[in-house]
Structures are given as structure tokens and as C-alpha cells.
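Given next are the chains, with one letter for each unit.
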Amino acid sequence: MASPNAVFTELVSTTFRKHRKEIVDNVSKNNALLRRIYDKGQVRKEDGGLTITAPLDYAENGTYQRYSGYDVLNIGASEVISAAEFQWRQIAINVVANGMELRTNSGDSRIINLVKSRMKNAMRTFKNNFSADVYSDGSLANQINGLQALVANAGTGTVGGIDSSTWTFWRNKVQSAAAPLQGGSAIVPGPTTIESLMLPLWLSLTRGDDQPDLIVKDNNYFTFFEQSQTSIKRYTDETKANAGFVSLKYKGADVIFDGGSGIPANTAYFLNTDYLELVVHKDADMTVMDELKPYNQDAAVVPVLWMGNMTVTNRALQGVMKA
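> Mind showing me how you'd approach the environment of Thr311 here?
Position of Thr311 among the secondary structure elements: in strand β13 (residues 299–312). In the structure, Thr311 is positioned 36 residues away from Tyr275 in sequence and 8.2 Å away in space, judged by C-alpha atoms.

Structure representation (C-alpha cells):
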């Protein structure tokens, strides 16, 4: 007969594998940014490497030339490609049970209920914490790069190993109500002023048809925008409503509020998600590992591991709007 530990481990493994997609979906549905990244297929799986590299082009090809007849053509080499480098970050959730729990819950239905309760707790914990990490500045030990790092309030900083104080192409755009991009005196955000802050930022991030496709706002800024649209408001397609998001439109971008997911108060991110990517290691994508048994405890521990990071390949086309 299988021991209680073996039954526990088997149930944890099969339950996690059965619900793994549900775990991922719950996380993305809890966070507007993650939802867009998953929907657009901006999730890349890697099988190794010391770091995560994100190739990027940082300059134009210098050989563009107008000519006629026998003019000598410019065939000089152009250094146009580089790469941002991001560190792997790891997350672990452990499903744990002590010996008494395993033995007293050894009946079929009882141990199943024990696993289900621990499973729900693990899913909720990962969802809440990862959603907060997505908006973080990455300053906590082993924390992923969140939007406060990739699309910084100052527009500068070292991201992906590139110092934007030296390489100015690597700075994101910043619209501050206290010091507007368009010049002039400070603007107090509200229903009648919110679009006067949004338009200059949107214009600065538009390069032909390359423009923001997602504007994520905290509750305050979303409220101001919705109030400004009272007579002409237009909601987006039904799929976003089914995902739990209320979404408006600005130009070609979806405008979604994400308060409660970790976005700072009085903040909006204007994002071109073509240049944002969630990179995950294929062997640690909410992957159930073998059971561990502490040498000095009567317990069973089943780790569930995630390994990856958020990356950006064009900061100049990302923007933040702040008070």
C-alpha cells in the first residue's frame, strides 16, 4: 500500500498539472498588462543560458544614399544591432503538509480535500504576488523587472545592462503633471484636463503605425478619463469584458484600469507591447518538482518553481504619466 506521503505527492503533482493552465490564466486575468502579453503571444520560453538576451536595433543604417550615374556608393559597415541583457529571476511556492496531517488525512476524500485547499492557497498567493511584481521597480532581492524599472518615472536608469544616461535612445518618455512635456505650468489631473496630459505623451510615442496599443491606469486616472468621455465613451470588444476588465479606447489603444494589481497611485503606462516580453524557462514554468523531506522535520514539501523575467527591447516607445 502506498504511504500517505506518496499519495500526497502524487495528488499535488497531478492536481497542479491539471490546473497549470488555470493558474496561468488566473494570473493574466488578474493583471491587464499580463493579459495583453499572453494574448499577443509575447511570452518566450528559453531552455537555458547564463542570462536572458533581448536583441535590439539602436541606430539607423548609415548607408542610405541618394545617387546618380557612377557615384560611389557607401558600403561602410553600420553598427546597428546590440542586445539588452536581463538576469534570471526565480519564484518558488511550496505545497507542504506535516506528518500528522498526512496520517490523519490519509483517507481518499480527506487527503484530496487537503491538497485542494493547499492548491487554492498557492494559486492565490502566486497570482497576487506576481501581479505586484509586474509593476515593481525590481528593487527587492531576486524580484523581476516590473514596469517601474522598465518604464521608469525618471525615464532613465540602467535597464538590461544599458545605462540610459550614456545611451539616450534607451530612455522612456515621461509625462509629468507637475512639469508637462508640452511646457507651461503644472496641470492638476481631472476629468477636464486628463486628455491634455495624454495627447502629448501619445504623440511622443507614435512612429507611423508603431504606437501604444495599451494604456494601463490606476483607478484615479481611469476615473478621470471615463468622466471625460461621458458623451462619447466607447468600450472595446466583449472578450475583455469577459476577462473582467472594463476597457475604453484612446486613439487606437485600449485603456484599462488595473488598480489593485500593484500599479502605483496616480499613474498611467502608455505601452507598445510589441516590445515587451515575458521570458520563462521551459523547465520552471510553474513546474512541480520532486518531493523534498526535511531531515529534521516530519513533513513533506513539494516545490513549484517559476524562472524568468520581464524584458523590453524599445524603451523609447514606452511612456509613463504621473502626477
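From this point, the narrative continues.
> Help me out: how do you make sense of the nonpolar core in this one?
If you look at soluble globular proteins, the nonpolar side chains tend to sit buried side by side. One finds Leu33 and Leu271 to be the most contacted residues of the largest nonpolar core, which totals 44 residues. At 7 residues, the largest contribution of residues to this core is made by strand β12 (residues 276–288). Leu33 has contacts with Val134, Tyr135, Leu147, Leu214, Asp258, Leu271, Leu276 and Met310, leaving out every residue within four places of it along the chain. One finds Ile194, Tyr221, Ala253 and Met321 within the second-largest nonpolar core, a separate group that totals 19 residues.

> Any chance you could explain the pattern of salt bridges here in plain terms?
Side-chain pairs of opposite charge can arise where the charged atoms are in close proximity. As enumerated under the stated definition, the model contains 13 salt bridges in all. In this structure, the salt-bridge partner of Arg36 is Asp254, at a minimum N-O distance of 2.3 Å. Here Asp254 lies in strand β10 (residues 253–257) and Arg36 lies in helix α2 (residues 32–39), a separation of 218 residues in the sequence. Across this residue pair, the class does not change: Arg36 and Asp254 are buried. In this structure, Glu277 and Arg44 form a salt bridge, with 2.9 Å as the shortest nitrogen-oxygen distance. Of this pair, Glu277 sits in strand β12 while Arg44 sits in strand β1 (residues 43–46), and the two are 233 residues apart along the sequence.

> Explain unusual backbone geometry here, please?
For residues besides glycine, phi is generally negative; the peptide bonds are generally trans as well. If you check the backbone angles, Asn142 has positive phi at about 65 degrees while not being a glycine. On the secondary structure map, Asn142 appears in the loop between α4 (108–134) and α5 (147–150). Positive phi, close to 55 degrees, is recorded for Met286, a residue that is not glycine. Within the secondary structure layout, Met286 lies in strand β12.

> When you look at the sheet that holds strand β7 (residues 173–176) in this model, what are you seeing that I'm missing?
The strands making up a sheet are joined through hydrogen bonds of the backbone, oriented either antiparallel or parallel. Taken together, the 6 strands give an open sheet; going across it, the order is β7-β14-β11-β8-β10-β9, and neighbouring strands pair in mixed fashion. If you trace the sheet from one side to the other, it starts and ends with β7 and β9 (247–250), each paired once. Pairwise comparison of adjacent strand axes, ignoring direction, gives a mean angle of 20 degrees for this sheet. When strand β8 (residues 214–217) meets β10, the two strands line up parallel, connected through 4 bridges.

> How should the packing of helix α6 (residues 194–204) against helix α7 (residues 219–228) be read in this particular structure?
Two numbers describe a pair of packed helices, the interaxial angle and the distance between the axes. Interhelical geometry of α6 versus α7 gives an angle of 105 degrees and a closest axis separation of 9 Å. Classified by the angle between their axes, α6 and α7 sit roughly perpendicular to one another. Across the interface between the two elements, Ile194, Glu195 and Met198 of α6 pack against Tyr221, Phe224, Phe225 and Ser228 of α7.

> When you look at the sheet that holds β12 in this model, what are you seeing that I'm missing?
Here 4 strands make up an open sheet; going across it, the order is β1-β12-β13-β4 and the pairing mixed. A single partner strand is all that each edge strand has here, and the edge strands are β1 and β4 (89–98). Across the sheet, the axes of successive neighbouring strands diverge by a mean angle of 30 degrees, strand direction being ignored. Two elements, β4 and β13, share 10 bridges in a ladder whose sense is antiparallel. Bridge pairing links Ile91 to Trp306 in β13.

> How should the packing of aromatic side chains be read in this particular structure?
Aromatic rings in a pair are described by how distant their centres are and how their planes are angled relative to each other. In the structure shown here, the tally under the stated rule is 8 aromatic pairs. Between Phe130 and Trp306, the ring centres sit 5.1 Å apart and the planes meet at 65 degrees, which makes this aromatic pair edge-to-face. Residue Phe130 is found in helix α4, and its partner Trp306 is found in strand β13; the two are separated by 176 residues along the sequence. Exposure remark for Phe130: the relative accessible area of 3% places this residue in the buried category. With a relative accessible area of 3%, Trp306 lands in the buried category. Between Phe225 and Tyr250, the ring centres sit 6.0 Å apart and the planes meet at 80 degrees, which makes this aromatic pair edge-to-face. Of the two residues, Phe225 sits in helix α7 while Tyr250 sits in strand β9, which places them 25 residues apart along the sequence.

> Any chance you could explain the side chain of Asp218 here in plain terms?
Take Asp218: it is sitting in the loop between β8 and α7. Lys217 provides the closest opposite charge to the buried, unpaired Asp218, separated from it by 7.8 Å. Ignoring sequence-local partners within four residues, the contact set of Asp218 consists of Phe257, Ile263, Pro264, Ala265, Asn266 and Thr267.

What counts as what
- Residues numbered from 1 in each chain as written.
- Predicted model: local features only at pLDDT ≥ 70, side-chain atom pairs only at ≥ 80, totals over all residues.
- Heavy atoms only, no water.
- Helix = DSSP H or I, 4+ residues; strand = E, 2+ residues; numbered from the N terminus.
- Core = buried A, V, L, I, M, F, W, Y, C linked by side-chain atoms within 4.5 Å.
- Buried < 20%, exposed > 50% of the residue type's maximum accessible area, 1.4 Å probe, protein only.
- Contact = heavy atoms within 4.5 Å.
- Salt bridge = Lys/Arg side-chain N within 4 Å of Asp/Glu carboxyl O.
- Pairing = 2+ DSSP bridges.
- Axes fitted to C-alpha atoms, helices over the stretch in contact; angles between N-to-C directions.
- Parallel < 35°, antiparallel > 145°, perpendicular 65-115°, else oblique.
- Phe/Tyr/Trp six-rings, centres within 6.5 Å; stacked < 30°, edge-to-face > 60°.
- Lys, Arg positive; Asp, Glu negative; His and termini not counted.

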